[in-house]
Amino acid sequence: MLSSPLSKLVLDGREFFVKRDDFIDPFLAGNKYRKLYTLLQTPKENYKTIISYGGTQSNAMLAIAAMCKQKGWHFYYYTKALSQRQKTQAEGNYFHALSLGMQHKELDTIHYRDFVASLRLNLDEKSYIIDQGGADKSVREGMEVLASEIRAAKLEIDAIATPSGTGTSALYLALALPEYRVYTTPCVGDSDYLKEQMSALELIPNNLIILEPKKKFHFAKPYPEFLEIYKRLLNAGVAFDLLYAPSLWLALLDQTQEKILYVHSGGVSGNESMLKRYEKKGLLFNE
Ligand SMILES: *Cc1c(COP(=O)(O)O)cnc(C)c1O
């Protein structure tokens, strides 16, 4: 693939560069494209089936579904039980993943953990398991490709930023770009939990800096300050996701000063259903 494009935006009088990984593909974009890079380069014949598990609106789920459709691989996705409302929704990541051929399997909450732990036990050589959110050592390769695109652009920047769920993307990006500081914020759980997840994969390098959000935000909940920064960024010219980006942008404006390249992590396909939730809470049109 060609290098993803770059944009500039001005916020609070500061100029930021944005690496537009959101432009790569409607469904298989952002850091999920980078994380699945190794599998995307794998010949079709090597696998028949991809198995994964996790949340039912996950961006990773949607990206894996898009990859499997492209490759002609079966995709089995395990989750806890789903609400009737979600099953019948004609929008959102779950709906799109099903239309791409994902086979969804619901598990009773009490059996979920044991079942997920047992997935690797009877795996044949034509099947591959992707852990929740794509937390996998193979992510290194995709992040090295991203790092070489960033180096080739020869930007005048001091630091790079990208938000964290599992932390896999920020971790491998920092390892691939030791000459820059890489800023991130935890969006699922706190900094300790983020460090724990990263440490399960690699030693955390010194150039990776975890900015602590000023306030405790719970993952995937609507917050007025998230909507506000989302709108300001949109006015500045770039649409970001509503789950991960807002917290990092707030922390960057508050806790950093240098010239930063923000690596867009994708996820805008989930905004439609998230904006509906803001609307329901009466937050959307409060200017
Ligand atoms: C998955 C995702 C993240 C988190 O990526 P990790 O590698 O799990 O830290 C961040 N932003 C968006 C938009 C995502 O979809």
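Residues numbered from 1 in each chain as written. Predicted model: local features only at pLDDT ≥ 70, side-chain atom pairs only at ≥ 80, totals over all residues. Heavy atoms only, no water.

## Some words on the site of the ligand
And step 1. Lys32, Lys35, Asn59, Thr166 and Ser169 are the nearest of the 16 residues found near the ligand.
And step 2. The contact in question runs from an oxygen atom of the ligand to an N or O atom on the side chain of Thr166, over 2.6 Å.
And step 3. Isolated, the ligand exposes 390 Å² of accessible area, and the fraction of that covered by the protein chains is 97%.
And step 4. For the shell around the ligand, the secondary structure elements donating two or more residues are helix H1 (30–35) and helix H8 (168–176).
And step 5. Sort the elements by how many residues they give to the shell around the ligand and H1 lands first, with three residues.
And step 6. The residue inventory of the shell around the ligand, partitioned by class, reads two nonpolar, eleven polar and three charged. (Near = heavy atom within 4 Å. Polar contact = N/O pair within 3.5 Å; in protein donor to acceptor, adjacent residues only side chain to side chain. Areas by Shrake-Rupley, 256 points an atom, 1.4 Å probe, with all protein chains shown as cover. Helix = DSSP H or I, 4+ residues; strand = E, 2+ residues; numbered from the N terminus. Nonpolar A, V, L, I, M, F, W, Y, C, P; charged D, E, K, R; others polar.)

## Description of a negative patch on the surface
And step 1. Taken together, Asp190, Asp192, Glu196 and Glu212 make up a surface patch of like negative charges.
And step 2. Mapped onto the fold, Glu212 is located in the loop between strand S9 (208–210) and helix H10 (224–235).
And step 3. Overall, Glu212 belongs to the partly exposed group, its relative accessible area being 44%. (Patch = residues over 30% accessible without salt bridge, like charges linked within 9 Å, V, L, I, M, F, W, Y side chains within 5 Å. Salt bridge = Lys/Arg side-chain N within 4 Å of Asp/Glu carboxyl O. Lys, Arg positive; Asp, Glu negative; His and termini not counted. Charge placed at Lys NZ, Arg CZ, Asp CG, Glu CD. Buried < 20%, exposed > 50% of the residue type's maximum accessible area, 1.4 Å probe, protein only.)

## Concerning the environment of Leu275
And step 1. Of note, Leu275 is situated in helix H12 (residues 271–280).
And step 2. In this structure, the C-alpha to C-alpha distance between Leu275 and Leu227, residues 48 residues apart in sequence, is 8.7 Å.
And step 3. Once residues within four sequence positions are removed from consideration, Leu275 is found in contact with Leu227, Tyr230, Leu242 and Leu284. (Contact = heavy atoms within 4.5 Å.)

## A word on the environment of Arg120
And step 1. With respect to the helices, strands and loops of the structure, Arg120 is situated in the loop between helix H6 (109–118) and strand S6 (127–130).
And step 2. Between the C-alpha atom of Arg120 and that of Ile157, which follows or precedes it by 37 residues, the distance is 43 Å.
And step 3. For Arg120, the contacting residues outside a window of four places in its chain are Ile129 and Asp131.

## Some thoughts on the sheet that holds strand S2 (residues 14–19)
And step 1. Ordered by their spatial adjacency, six strands build an open sheet running S1-S2-S10-S7-S8-S9, and the pairing between neighbours is mixed. Single-partner strands in this sheet number two, and they are strand S1 (6–11) and S9. Taking each pair of neighbouring strands and ignoring which way they run, the sheet shows an average axis angle of 30°.
And step 2. Here strand S8 (residues 181–184) runs beside S9; their pairing, made up of three bridges, is parallel. Looking at the pairing, Thr184 lines up with Ile210 of S9. (Pairing = 2+ DSSP bridges. Axes fitted to C-alpha atoms, helices over the stretch in contact; angles between N-to-C directions.)

## Regarding the domain arrangement of the protein chain
And step 1. If you check the domain split of the protein chain, you get domain 1 (6–26 + 137–280) and domain 2 (34–134).
And step 2. For domain 1 versus domain 2, the separation of C-alpha centres amounts to 24 Å.
And step 3. If you look at the interface, domain 1 gives 21 residues, while domain 2 gives 13 residues.
And step 4. Here domain 1 and domain 2 share three salt bridges between them.
And step 5. Between Arg34 and Glu149 there is a salt bridge whose closest N-O contact spans 3.0 Å. (Domains from an automatic or database assignment.)

## Points about the side chain of Asn93
And step 1. Within the secondary structure, Asn93 sits in helix H5 (residues 92–99).
And step 2. Given a relative accessible area of 1%, Asn93 falls into the buried group.
And step 3. Once residues within four sequence positions are removed from consideration, Asn93 is found in contact with Gln57, Ser58, Asn59, Met61, Leu62, Ser269 and Gly270.

## Some words on the pairing of strand S10 (residues 260–263)
And step 1. Of the two faces of S10, the one lined by Ile260 and Tyr262 and the one lined by Leu261 and Val263 are each fully buried.
And step 2. Where S2 and S10 come together, four bridges link them in parallel fashion. Note on S10: the bridge partner recorded for Phe16 is Ile260.
And step 3. Here strand S7 (residues 159–161) runs beside S10; their pairing, made up of three bridges, is parallel. Within S10, the position partnered with Ile160 by the bridge is Leu261.

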